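So you can see what is in the structure, the chains are spelled out below.
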Amino acid sequence: MSDSAARAADLLKEHRESIDRLDAILVFTLAERFKHTQSVGVLKATHELPPSDPAREEQQIARLKDLAEKADLDPAFAEKFLNFIIQEVIKHHEKHQS
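Cut-off values and rules
- Residues numbered from 1 in each chain as written.
- Predicted model: local features only at pLDDT ≥ 70, side-chain atom pairs only at ≥ 80, totals over all residues.
- Heavy atoms only, no water.
- Salt bridge = Lys/Arg side-chain N within 4 Å of Asp/Glu carboxyl O.
- Helix = DSSP H or I, 4+ residues; strand = E, 2+ residues; numbered from the N terminus.
- Expected span 1.5 Å × (residues − 1).
- Buried < 20%, exposed > 50% of the residue type's maximum accessible area, 1.4 Å probe, protein only.
- Contact = heavy atoms within 4.5 Å.

Caption draft 1: Focus on the pattern of salt bridges. Enumeration according to the criterion identifies five salt bridges in this entry. Here Lys65 makes a salt bridge to Glu79, at a shortest N to O gap of 3.4 Å. Highlighted residues: Lys65 in helix H2 (residues 54–70) and Glu79 in helix H3 (residues 75–97), separated in sequence by 14 residues. Residue Lys70 pairs with Asp66 through a salt bridge whose shortest N-O separation is 3.1 Å. Here Lys70 pairs with Asp66, and both are found in helix H2, just four residues apart, close to one helical turn.

In structure tokens, the structure reads:
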């Protein structure tokens, strides 16, 4: 292996290690977020509130898209990601309603 290829392999290893750490952060962050949304679901069910809040969802999507732009992340991707999470949260909230 040439010096250039060896250096590239080292850099690739470093990038992959960083990606692995970031993936772990994402998973633990999502777990923490869902713990809170589960509590919100119980609260909504207890007080007979609807499982979804379209106005809040719109605010959150706008907020996340703004953060994405500031972070140099595709805002459309950020919106798709948040919409996926919102749909999962609503499913959980609906389960608490029944």
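Caption draft 2: Inspection of helix H1 (residues 3–46) at higher detail. With 44 residues, H1 extends 65 Å between its outermost C-alpha atoms, agreeing within 8% with the 64 Å of an ideal straight helix rising 1.5 Å per residue. Listed in full, the buried residues belonging to H1 are Phe34, Thr37, Gly41 and Lys44. Contact partners of the buried residues in H1: H3. Looking one or two residues past H1, Glu48 carries a phi angle of roughly 55°, positive in sign.

As far as function goes, none of this settles anything; it's purely spatial.
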